[in-house]
There are 2 protein chains.
Amino acid sequence: MITENIIGYELSSLSSKQIFAFDPGSGEPLPEAFSPATGEEVDMALEKAIVSWRIYRHIDSVQKTLFLSAIADGIENLGDTLVKRIMQETGYTQARVLVERKRTCAQIRMYADIGSKNTWKEITNDEAQPQRAPSPRPDLLKMNVAIGPVIVFAASNFPLAYSTAGGDTISALAAGCPVIVKAHESHLGTNALVAEVIMHAAKATGMPDGVFSSLNGNRIETGQQLVMHPLTAAVGFTGSLKGGRALFDLGNQREKPIPVFAEMGSVNPVFLLPEKVTADAKKISSMLVDSITNSAGQFCTKPGILVAIWNEATRELSEFMMEALAKIPSSTMLNENITQNFERGLDLVKAVPKVTLMDIQLSPVEKKIHPVLATVDADIYLAHPQLHQEIFGPYSLMVLCRDLSQMKEVANSLEGQLTATIHATENEMDMARELTEILIEKAGRIIFNGVPTGVEVMESMTHGGPYPATTDSRFTAVGYHAIRRWLRPVTFQNFPNALIPSDFNLK
Amino acid sequence: MITENIIGYELSSLSSKQIFAFDPGSGEPLPEAFSPATGEEVDMALEKAIVSWRIYRHIDSVQKTLFLSAIADGIENLGDTLVKRIMQETGYTQARVLVERKRTCAQIRMYADIGSKNTWKEITNDEAQPQRAPSPRPDLLKMNVAIGPVIVFAASNFPLAYSTAGGDTISALAAGCPVIVKAHESHLGTNALVAEVIMHAAKATGMPDGVFSSLNGNRIETGQQLVMHPLTAAVGFTGSLKGGRALFDLGNQREKPIPVFAEMGSVNPVFLLPEKVTADAKKISSMLVDSITNSAGQFCTKPGILVAIWNEATRELSEFMMEALAKIPSSTMLNENITQNFERGLDLVKAVPKVTLMDIQLSPVEKKIHPVLATVDADIYLAHPQLHQEIFGPYSLMVLCRDLSQMKEVANSLEGQLTATIHATENEMDMARELTEILIEKAGRIIFNGVPTGVEVMESMTHGGPYPATTDSRFTAVGYHAIRRWLRPVTFQNFPNALIPSDFNLK
């Protein structure tokens, strides 16, 4: 395993320090000593990135498709080595890791396919009108071009899909941007394995040196240097609100501001209309329990609040859920930090009077978390902003409303969300329509009679939403249009064909 | 003429203060006393905007087209009243005003047409695959929706095309966003006339109260309140780097940041390759002199630096230009502030040793500006960042290079630009290609053998560029895609048809 920083086709370990990944199950460090990136190494990576950009952005699309496909192949070829390392660094089950690997490789191949089609260039041409009076109309040819070197911060909860070769990296590479990945300190080994795959894929398909780099290190310090570097053109981040906002602020405070797209927190509210609860309590309970506890609730789309009318059917639903949650074993969280934040979050909730924690008080297992379902009256919820915050992990808060009107009040009180969900029968369409009208203002994706977890990698996916879900609701982090974050339009006016770069594949 | 603030369908003048527009020719205030907006009036406009947004975003596209078309008709119907007022408030000639009016109305009708076609919604649908294993694939329907109330800051130099009913306002209205215009203090009367047209057009076509408001006032104070208001969703600004950056910073420092698209400064470099200069000196001189002095150089796309090889042909070109510039009469600038900034800018240039001011030293006319052409060796230019700054007005700096290699060095030294221009013969394509490669990184539009002034309102136009030309190079302020600044995608997952708002005009 490469423990150095990967800077283009070079390995570098200038620092005298060493950092280690941890096994979250045991809390013990893993044996490999990784070299954290120094300021000099940040410079080296960006100098290489800018040089490679000037070649890479013109690389033939067929060639680029080969590069991206080789990354997907390489990840699959790592086989058990990669799967085991991820399990070791995340505490995830093998099944969970295999699903993520499949999704990651499908995502890479989708961008490889997009790259080959060039539709993302959105080429348009308004032809000249030489006879127009009083002045002739020029020929205008417009197309998207790569914005420049992109920094990607790997996510803690998706060591593959939102990390080294995840959506941010691959969409940026497909756009023609070189990428520098800041490895997540929780899975340095996973990062090293995947980064090596990308380096080899780039070499094998003739990509320029510097099109990809991978840096290890202390998140805050190295991250700041990367965002503030004058050659950095854009940033992609998936993580906490605190971390994302800090990077967003840095990016905007630069002398030359750059776009920082951060995908951050979300409580993903689920609205449960009463007839639907009465009709389907058992089914809804089973869907929600799965969605709340899958991967120990460590999804950005985990349903964090469940909004229902307080009646007999809802009481039954909560009992079904309790019963099912009791059978879920305690889980190891991704890292110590996440475990502590989960406990701190629960303490804040417990400090609010009249919140009932329907805690599954089995014998507590050391270093493990068991799922928690809490309930609160909507009046209390509306009066306590601390109950509106995301708690990352297997927790959800059931908010009990007097009536539909209070349910709308809860909807109106929401901050920006990645998703919102409505459960309703055919008879409840009027209320569902009113809720939809409110939720369109709040969320990037609205789900009907389903759960928010499970983000399909499709053209029509929106994985984004108003702040604080993301820093810019006009973009998505998943699916075809995620590439738009790394593109800017350029118009060529009256350009002779001989002068237009041949790789633009026009008309 | 309405001298109050227009807040939806109400007129309001809560302030005890009065503000006046000025005749820039005489420096005297014009008679009408306008009421500056108070903080309370800012609140009123935004409260109305948010309520109207919830109706307006669902307005049938045919109806919205009628609204926008009625604005264009209304502006034309103002006839001489409007034309004379603009001339009075700007010092522009009648011919200049008529061109801008034509362009503004064409722009409004283009967005009316886009609105009726709904292509900006970019609706896509990935259909469900219920049989997919291990889990069924849901139906995903994605479309763009209006981001919310938009604040538009009117520009000083385009009282129509980038102001009250200019590109920012109309693209936001076409997107389904209510608009609050902050009138430019230099043309309060022009704003009042056009704002009244919009108010009447909105009423006549059944638009909700609050879809449009117009506020007068002290730019800094009122502007800050508008950008910081919690109901504001986005901001459009055209003006100085200082003003744009201040609003951009405010927008990002909010608890909930919002996108501030500011179109700011640009020096619009023109690269003159030697064979082309030898062949076409006279023609190039005439094009450049027109472009530098049109509207007293008060265009954001005015060519502010001319980069050439120092040889006999360039000397001839500069002599042609001098001769032509000498015949251009002195001009009244848009306002006192711009006149002073022009003089201050020239003082900074004069303070650099070895800059030659080829000033047309006719007898100076009070309150008027005559065109200035300066020359400097590229060595001096490269060493003095103050020479790289935009001077708004009829000024251009000829940068004289030793050779083509130094010309590339000058290109590489440039900041972000709205435009860059190359003049070359067929024999000079290799050098032109190398320059293009550099300029793609710097500018939103690259012009071949032409001038940067004259921004066609077409789908393929890019009026934008890397900072400091704009605050976000991924968008354009002119043309079809300007609407993207005010849109965000929303995905509906497994939504029954009955629940999808009927105005979405799907499939």
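I will try to describe carefully the structure that is included in this document. (Residues numbered from 1 in each chain as written. Chains lettered and ligands numbered in written order. Predicted model: local features only at pLDDT ≥ 70, side-chain atom pairs only at ≥ 80, totals over all residues. Heavy atoms only, no water.)

Overview of the interface of chain A and chain B
Part 1 of the reasoning: On the side of chain B, 69 residues touch chain A, which itself brings 69 residues to the contact.
Part 2 of the reasoning: In this structure, the connection of chain A to chain B is made through ten salt bridges.
Part 3 of the reasoning: Between A:Arg132 and B:Glu456 there is a salt bridge, with its nearest N and O atoms 2.6 Å apart.
Part 4 of the reasoning: One can count 51 residue pairs in polar contact (both at pLDDT 80 or more) joining chain A with chain B.
Part 5 of the reasoning: For the side of chain A that touches chain B, the secondary structure elements donating two or more residues are helix H1 (39–56), strand E5 (124–126), strand E6 (140–146), helix H8 (241–253), helix H14 (429–439), strand E20 (443–448) and strand E21 (487–493) of chain A. (Contact = heavy atoms within 4.5 Å. Salt bridge = Lys/Arg side-chain N within 4 Å of Asp/Glu carboxyl O. Polar contact = N/O pair within 3.5 Å; in protein donor to acceptor, adjacent residues only side chain to side chain. Helix = DSSP H or I, 4+ residues; strand = E, 2+ residues; numbered from the N terminus.)

Section: the packing of helix H9 (residues 274–293) of chain B against helix H10 (residues 312–326) of chain B
Residues and elements named next belong to chain B.
Part 1 of the reasoning: At a closest axis distance of 9 Å, the pairing of H9 and H10 adopts a crossing angle of 35 degrees. The hand of the H9/H10 crossing is right-handed. Along the contact surface, H9 presents Val277, Thr278, Ala281, Lys282, Ile284, Ser285, Leu288, Val289, Ile292 and Thr293, while H10 presents Ala313, Thr314, Glu316, Leu317, Phe320, Met321, Ala324 and Leu325.
Part 2 of the reasoning: By residue class, the composition of the contact of H9 with H10 is twelve nonpolar, four polar and two charged. (Axes fitted to C-alpha atoms, helices over the stretch in contact; angles between N-to-C directions. Left-handed = near helix turned anticlockwise from the far one by under 90°. Nonpolar A, V, L, I, M, F, W, Y, C, P; charged D, E, K, R; others polar.)

Digging into H10(B)
Residues and elements named next belong to chain B.
Part 1 of the reasoning: With 15 residues, H10 should reach 21 Å at 1.5 Å per residue; the first-to-last C-alpha distance of 21 Å fits that figure.
Part 2 of the reasoning: Every buried residue of H10 is listed here: Ala313, Thr314, Leu317, Ser318, Phe320, Met321 and Leu325. Down the axis of H10, the smallest arc covering the buried residues is 155 degrees, so these residues share one side.
Part 3 of the reasoning: Where H10 begins, the capping side chain belongs to Asn311, and its oxygen is found 3.2 Å from the backbone nitrogen of Ala313. (Expected span 1.5 Å × (residues − 1). Buried < 20%, exposed > 50% of the residue type's maximum accessible area, 1.4 Å probe, protein only. Arc of directions from axis to C-beta.)

What about the sheet that holds strand E8 (residues 179–182) of chain B?
Residues and elements named next belong to chain B.
Part 1 of the reasoning: The sheet built from seven strands is open, its strands ordered E2-E1-E9-E8-E7-E10-E11 with mixed pairing. A strand with exactly one partner marks an edge of an open sheet, and here the two such strands are strand E2 (10–12) and strand E11 (260–263). Averaged over all pairs of adjacent strands, the angle between their axes in this sheet comes to 20 degrees, without regard to strand direction.
Part 2 of the reasoning: Of the pairings in the sheet, the one linking strand E7 (residues 150–153) to E8 comprises four bridges and is parallel in character. (Pairing = 2+ DSSP bridges.)

What about the state of the cysteines?
All names here are of chain B.
Part 1 of the reasoning: By the definition in use, this model includes zero disulfides over all chains.
Part 2 of the reasoning: This cysteine, Cys300, is not joined by any disulfide, and Cys105 carries the nearest cysteine sulfur, 19 Å off.
Part 3 of the reasoning: Here Cys300 falls in the buried class, since its relative accessible area comes to 7%. (Disulfide = S-S within 2.5 Å.)

Some thoughts on the relation of the copies chain A and chain B
Part 1 of the reasoning: Expressed as a screw operation, the relation of chain A to chain B combines 0.0 Å of axial shift with a rotation of 180 degrees, fitting to an RMSD of 0.0 Å. Expressed as a symmetry operation, the mapping of one chain copy onto the other fits a two-fold axis. Of the C-alpha atoms belonging to chain A, the one lying closest to the rotation axis is found on A:Asn252, 3.6 Å away.
Part 2 of the reasoning: When the interface residues of chain A are mapped onto chain B, 100% of them are again interface residues, pointing to one common binding face. (Least-squares fit on C-alpha atoms with pLDDT ≥ 70 in both.)

Considerations on the pattern of salt bridges
Part 1 of the reasoning: A full pass over the atoms with the stated rule returns 45 salt bridges over all chains.
Part 2 of the reasoning: With a shortest N-O distance of 3.3 Å, A:Arg484 and A:Glu122 are connected by a salt bridge. Of this pair, A:Arg484 sits in the loop between E20 and E21 while A:Glu122 sits in the loop between helix H4 (94–117) and E5, and the two are 362 residues apart along the sequence.
Part 3 of the reasoning: The class of A:Glu122 is partly exposed, set by a relative accessible area of 23%.
Part 4 of the reasoning: With a shortest N-O distance of 3.4 Å, B:Arg315 and B:Glu312 are connected by a salt bridge. Of the two residues, B:Arg315 and B:Glu312 both sit in helix H10, three residues apart, roughly one turn of that helix.
Part 5 of the reasoning: Accessibility expressed as a relative area gives 35% for B:Arg315, which makes it partly exposed.
Part 6 of the reasoning: Assessed through its relative accessible area of 54%, B:Glu312 is described here as exposed.
Part 7 of the reasoning: One salt-bridge network, held together by shared partners, links A:Arg54, A:Arg57, B:Glu437 and B:Glu441.

Let's talk about the pairing of E21(A)
Regular strands have side chains that alternate between both faces of the sheet.
Part 1 of the reasoning: Taking burial as the measure, the seven residues of E21(A) include seven buried ones, the bulk of the element.
Part 2 of the reasoning: Pairing of E6(A) with E21(A), which is carried by seven bridges, proceeds in the antiparallel orientation. Counted as the bridge partner of A:Leu141 is A:Phe492 from E21(A).
Part 3 of the reasoning: As paired strands, E21(A) and strand E20 (residues 443–448) of chain B are joined by three bridges and run parallel to one another. Considered in E20(B), the bridge of A:Phe492 is made with B:Ile446.

Here we look at unusual backbone geometry
Part 1 of the reasoning: Here the amide bond leading from A:Ala133 into A:Pro134 is cis, since omega sits at 0 degrees, within 30 degrees of zero.
Part 2 of the reasoning: Secondary-structure assignment places A:Pro134 in the loop between E5 and E6.
Part 3 of the reasoning: Residue B:Pro468 is reached from B:Tyr467 by a cis peptide bond, and omega for that bond is 10 degrees.
Part 4 of the reasoning: You will see that A:Glu122, though not glycine, has its phi angle at about 45 degrees, which is positive.

Some words on the nonpolar core
Part 1 of the reasoning: By size, the foremost hydrophobic cluster in this structure holds 119 residues, and its most contacted members are A:Phe67, A:Leu68, A:Ile71 and A:Leu397.
Part 2 of the reasoning: By residue number, the principal contributor to this core is helix H6 (residues 188–204) of chain A, which donates eight residues.
Part 3 of the reasoning: If sequence neighbours within four positions are ignored, A:Phe67 has contacts with A:Tyr56, A:Leu173, A:Ile198, A:Ala201, A:Ala202, A:Thr205, A:Met207 and A:Val211.
Part 4 of the reasoning: B:Leu68, B:Tyr111, B:Val150 and B:Ala195 belong to the second-largest nonpolar core, a separate cluster that totals 118 residues. (Core = buried A, V, L, I, M, F, W, Y, C linked by side-chain atoms within 4.5 Å.)

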